[in-house]
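Next come the chains, spelled out residue by residue.
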Amino acid sequence: VKNQARTGFLPKLSTEYNYTRLGNPTRNVGRLPVTVSADNFSWRTALRQPLFQGFEILSQYELAKLGIDQSETEFELAKLDLALRVKVAYFDILIADAAVDVAERDVAARKSNADVVRSFYKVGMKPINELLQAEVEWANAQQALVRTQNDARLARSVFNKILNRPVNAPVDVKVPDPLWEPIKGELDEYIKKALVNRPEMKLININLDQADQSIRLAKSDYYPEVSFVGEYTKEGDSADVSGSNFHQARDPKALLVLTWTFWEWGKTRHAIKEQESFKRQLMDTKVAIENDIRLEVREALLALDTAEKNIPTTRTAVKQGEENLRVEEERYKAQVTTITEVLLATTRLTQARVNYFGALYNHNVARAQLLRALGEY
């Protein structure tokens, strides 16, 4: 498009060939009738060089250059979005794998509970309903394991799709080292950096520059157009345009042409108002984008803060859940509690582990979202 716009500065060469047949070849020259040629041929070649067109050509060229800037900025924006999608999909796999690991531990724990109850039942120390309850919980844990395994497979397929790989291609991911580290920084500093780096801000500024050029382009109709025209014409009453008694064989001309359309019932004025209105809309959009960026940065920082505060508490909850389960299992073996309490302790431990891994990987997702909000990789 820029190359097309550049041609507006260059001269244009054209040619045309005409044939005219006169139905009445008689013409009056003064009071005397004169018979002219009935067959008339002409061949005209012209070179036109625009000298001034009210900044129209320049504005179109500047708009084309801004179009390149816009496309490059949109490309950078797409790269940032893709990077975030890859990161989120990566940690979705890690979250799914952690869920599988937790589910496998849960299945093993439920099976151990069922085995203990079964041994007590065989010697008549526990009723059948406790055995059935333990086996139902074991079966439920096995079903949950199947679901989490399929979720992990699906997470890998989504990851492959984002990377444009076959959806069933194997994916081997590694846990980042360190798995998490605190993020330090002030909100105002992050917002200032985001407003400078974000492609969305660069894009809206380009759009405003385009609006200015569109206004200048609309105003170009107020001005006259000035062009230099060179013509070379050959005429004749035969097809070889070699001249005749009534035609010049050669007629070279050099012209300076000024064209000014000075009245079109307010068309130009309305076109300018349209472009000025569009620019005001863009300025409102810019304010909205700035507010959205501030909100995105704040949301990402709050998500990071939440994850960082949850990681120590969920880690502690896992240790407490493991100890609670150990105590409940010992109490059950000593026959001072029911299998229900053991199963509840197992459920609490499973949930604590899920929460712990969720906090770890959500921290990494929030970190990726903060980088995206800052316009960085």
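Structure: see above.
Residues numbered from 1 in each chain as written. Predicted model: local features only at pLDDT ≥ 70, side-chain atom pairs only at ≥ 80, totals over all residues. Heavy atoms only, no water.

Moving on, we get to the packing of aromatic side chains. In the structure shown here, the tally under the stated rule is 13 aromatic pairs. Pairing Tyr19 with Phe41 gives two aromatic rings, centres 4.7 Å apart and planes at 40 degrees, and the pair type is tilted. Residue Tyr19 is found in strand β1 (residues 12-21), and its partner Phe41 is found in strand β4 (residues 39-52); the two are separated by 22 residues along the sequence. Seen from their ring centres, Phe357 and Tyr361 are 6.5 Å apart, and the 15 degrees between their planes marks the pair as stacked. Taken together, the positions of Phe357 and Tyr361, both in helix α7 (residues 339-374) and 4 residues apart, correspond to about one turn of that helix. (Phe/Tyr/Trp six-rings, centres within 6.5 Å; stacked < 30°, edge-to-face > 60°. Helix = DSSP H or I, 4+ residues; strand = E, 2+ residues; numbered from the N terminus.)

All right, on to empty space enclosed by the protein then. Across all of its chains, the model carries 1 cavity of 30 Å³ or more by this definition. Volume-wise, the largest cavity comes out at about 30 Å³. Together, Leu80, Ala83, Leu84, Lys87, Ala368, Arg372, Glu376 and Tyr377 line the largest cavity. Looking at the lining of the largest cavity, the elements with two or more residues in it are α2 (56-122) and α7. Take the lining of the largest cavity: its biggest share by element is 4 residues, from α2. Residues belonging to the lining of the largest cavity are distributed by class as follows: 5 nonpolar, no polar and 3 charged. (1 Å grid on protein atoms, 1.4 Å probe; cavity = no way out; pocket = protein on both sides within 12 Å on 5 of 7 lines; lining within 4 Å. Points joined across faces, edges and corners; volume = space filled by probe spheres on them. Nonpolar A, V, L, I, M, F, W, Y, C, P; charged D, E, K, R; others polar.)

This part is about the environment of Asp188. Position of Asp188 relative to the elements: it lies in helix α4 (residues 187-197). Along the sequence, Asp188 and Leu82 sit 106 residues apart, while their C-alpha atoms lie 26 Å from each other.

Another point: a nonpolar patch on the surface. Together, Phe9, Leu10, Phe55, Leu58, Tyr222 and Tyr223 line one region of the surface with nonpolar side chains, adding up to about 540 Å² of accessible area. For Phe55, the location among the structural elements is in the loop between β4 and α2. According to the relative accessible area criterion, Phe55 is partly exposed, its value standing at 36%. (Patch = residues over 30% accessible without salt bridge, like charges linked within 9 Å, V, L, I, M, F, W, Y side chains within 5 Å. Areas by Shrake-Rupley, 256 points an atom, 1.4 Å probe, with all protein chains shown as cover. Salt bridge = Lys/Arg side-chain N within 4 Å of Asp/Glu carboxyl O. Buried < 20%, exposed > 50% of the residue type's maximum accessible area, 1.4 Å probe, protein only.)

Here we come to the side chain of Lys126. When you line up the elements, Lys126 lands in the loop between α2 and α3 (128-162). Buried within the structure, Lys126 lacks any salt-bridge partner; its nearest side chain of opposite charge belongs to Glu130, at an N-O separation of 4.3 Å. Once residues lying within four places of it in the same chain are set aside, the contact partners of Lys126 are Phe120, Tyr121, Tyr332, Gln335 and Thr337. (Lys, Arg positive; Asp, Glu negative; His and termini not counted. Contact = heavy atoms within 4.5 Å.)

Take a probe with the size of a water molecule and roll it over the atoms, and the empty space left behind shows itself. In this structure, the largest pocket encloses a volume near 250 Å³. For the largest pocket, the lining is made up of 14 residues, of which Val102, Asp106, Ala144, Thr350 and Val354 are closest to its centre. Those elements giving two or more residues to the lining of the largest pocket turn out to be α2, α3 and α7. In terms of residue class, the lining of the largest pocket is made up of 6 nonpolar, 5 polar and 3 charged.

None of this, on its own, says anything about what the molecule does.
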